[in-house]
Amino acid sequence: MNQPLAGYAPAPVTARMENHGDHMLKVAMQTGHDLLARVGSMVAYEGFVQYEPNPPAVRQIARDWVTGEGAPLMKCSGDGLLYLADYGANVVVINLNGDGISVNATNLLAFDAHLTWGVERVKGLAKFAGQGLWNTRISGQGWVALTSRGKPIVVDCGGGEDETYVDPDALVAWSPNLKVKGKRSFKAQSLIGRGSGEAYQMAFSGQGIVVVQPSEDSTDRLRFRG
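Residues numbered from 1 in each chain as written. Predicted model: local features only at pLDDT ≥ 70, side-chain atom pairs only at ≥ 80, totals over all residues. Heavy atoms only, no water.

## Looking at the packing of aromatic side chains
Here the structure, examined in full by the defined rule, presents 3 aromatic pairs. Between the aromatic rings of F111 and W117, the centroid separation amounts to 5.4 Å while the plane-to-plane angle is 65°, which identifies the pairing as edge-to-face. Accessibility classification places F111 together with W117 in one group, the buried group. Over the aromatic face of Y165 sits the side chain of K183, whose NZ or CZ is 4.7 Å from the ring centroid. (Phe/Tyr/Trp six-rings, centres within 6.5 Å; stacked < 30°, edge-to-face > 60°. Buried < 20%, exposed > 50% of the residue type's maximum accessible area, 1.4 Å probe, protein only. Lys NZ or Arg CZ within 6 Å of the ring centre and 35° of its normal.)

Have a look at this one:
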């Protein structure tokens, strides 16, 4: 290999999912271990991998995406190495190991097809914005890959009495056992959030984590809809 390019070669496979750099996901595909991934996220693959957009299992669950906020998914199956990316966003790989996570659909890149998942309304927010916020909840033994617009921060809520407040436009994911409520603030746009003077925050409390990206671009985010 040309020596200047040698540093970009894939590393040996060590896990079902792992990062290749900060902005690409590498998945070790095996027959019988299907993957659900964002449509259009495939950038390369080795071996024999097939793709089925909007498979029946996804269509059945996606009926709950009544607000149009769902992520179009494809089923990937076969043997080989699959590389996924989302317009240069950072990729975060999580091994759930029996736990669960609640993810904004715009930040969901891929997950093992055998995991339990569904779309749910986030409780405690409807009074702030009509329909509230819809998220994808995933749980079980398996792998999930998220995207973040920039390097994210993972906040440990710690289980104390103090709450963690997050701008909804910067929110990526959180532990589903956390308590969530909305908070309304009247602040100038230059001081908090990207709103038109009235800003919403999401308050988290309990034992768990919150993943926050360094971006508040509302064109990339799920929004509160009234």
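Next comes the rest of the write-up.
## Let's talk about the sheet that holds strand 12 (residues 153–156)
Taken in spatial order, the 6 strands make up an open sheet running 9-10-7-14-17-12, and their pairing is antiparallel. Edge positions in the sheet fall to strand 9 (116–121) and strand 12, since each of these pairs with one other strand and no more. Averaged over all neighbouring strand pairs, the angle between strand axes comes to 20°, with direction disregarded. The pairing of strand 12 with strand 17 (residues 209–212) spans 4 bridges and is antiparallel. Bridged to V154 within strand 17 is V211. (Pairing = 2+ DSSP bridges. Helix = DSSP H or I, 4+ residues; strand = E, 2+ residues; numbered from the N terminus. Axes fitted to C-alpha atoms, helices over the stretch in contact; angles between N-to-C directions.)

## Things to note about the nonpolar core
Counting 20 residues, the largest nonpolar core has I101, F111, W117, I138, V144 and L146 as its most contacted members. Elements with a minimum of two residues in this core: helix 1 (56–62), strand 7 (100–103), strand 8 (108–112), strand 9, strand 10 (134–139), strand 11 (143–148) and strand 14 (171–174). Core analysis: the second largest hydrophobic core is formed by 15 residues, L25, M29, A37 and C76 among them. (Core = buried A, V, L, I, M, F, W, Y, C linked by side-chain atoms within 4.5 Å.)

## Some words on the environment of L73
Considering the arrangement of structural elements, one finds L73 in strand 5 (residues 73–84). Between the C-alpha atoms of L73 and P55, which are 18 residues apart in sequence, the distance is 8.1 Å.

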